[in-house]
Amino acid sequence: QVQLVESGGGLVQAGGSLRLSCAASGSIFRINLMGWYRQAPGKQRELVARITSGGSTNYADSVKGRFTCSRDNAKNTVYLQMNALKPEDTAVYYCNADIDYSGSYAYWTYWGQGTQVTVSS
């Protein structure tokens, strides 16, 4: 069984910073893509950032230059450093990861439970 556990959300003023972490645990042979999505009230879930096992990243245009996604492969953990936060960044943030749990190179997508980020103006 594989679990993704997020931490680091909270309430911050506009212009502030937060760092989210997401650790994968359980039966894990390898992890391909890891990433962060967010969902604001009344809106669809959207991609924020993702990172390959080799460290290549891509970001939503709305967060480029402000957010940095990184990972520690030894710890099966992905991070999202969020700087210069804006009220429109308020959302529940979810991590996800494509994980091979059997060693067969078949990847399954797992999601974390979500962590609330609230940015006050």
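Note: the structure precedes this text.
Here's what I pulled together on the structure shown here. (Residues numbered from 1 in each chain as written. Predicted model: local features only at pLDDT ≥ 70, side-chain atom pairs only at ≥ 80, totals over all residues. Heavy atoms only, no water.)

## Some points on the state of the cysteines
So, step 1. Counted according to the given criterion, the structure contains one disulfide.
So, step 2. Here C22 is linked by a disulfide to C95, with a sulfur-sulfur distance of 1.9 Å. Because the sign of the S-S torsion sets the handedness, a value of about 40° for the bond joining C22 and C95 places this disulfide among the right-handed ones. Placement of C22 in strand β3 (residues 18-26) and of C95 in strand β9 (residues 91-100) is noted, with a sequence separation of 73 residues between them. In this structure, C22 and C95 share a single accessibility class: buried.
So, step 3. The cysteine C69 is free of any disulfide, with C22 supplying the nearest cysteine sulfur at 10 Å.
So, step 4. Since its relative accessible area comes to 5%, C69 is described here as buried. (Disulfide = S-S within 2.5 Å. Helix = DSSP H or I, 4+ residues; strand = E, 2+ residues; numbered from the N terminus. Buried < 20%, exposed > 50% of the residue type's maximum accessible area, 1.4 Å probe, protein only.)

## Section: unusual backbone geometry
So, step 1. For N76, which is not glycine, the phi dihedral falls at a positive 50°.
So, step 2. Along the chain, N76 falls in the loop between β7 (67-72) and β8 (77-82).
So, step 3. For N76, a relative accessible area of 24% corresponds to the partly exposed category.
So, step 4. Backbone geometry at Y105 places phi at a positive 65°, although glycine is not the residue there.
So, step 5. Mapped onto the elements, Y105 comes out in the loop between β9 and β10 (108-111).
So, step 6. Accessibility expressed as a relative area gives 57% for Y105, which makes it exposed.

## With respect to the nonpolar core
So, step 1. W36, L80, M82 and Y93 are the most contacted members of the largest nonpolar core, which has 30 residues in total.
So, step 2. Elements with a minimum of two residues in this core: β1 (2-7), β3, β4 (30-39), β5 (46-51), β7, β8, β9 and β11 (115-120).
So, step 3. Of the residues forming this core, the biggest block, five residues, is contributed by β9.
So, step 4. Aside from chain neighbours lying at most four places away, what touches Y93 is E6, L20, W36, Y37, R38, V48, F67, L80, M82, G114, T115 and V117. (Core = buried A, V, L, I, M, F, W, Y, C linked by side-chain atoms within 4.5 Å. Contact = heavy atoms within 4.5 Å.)

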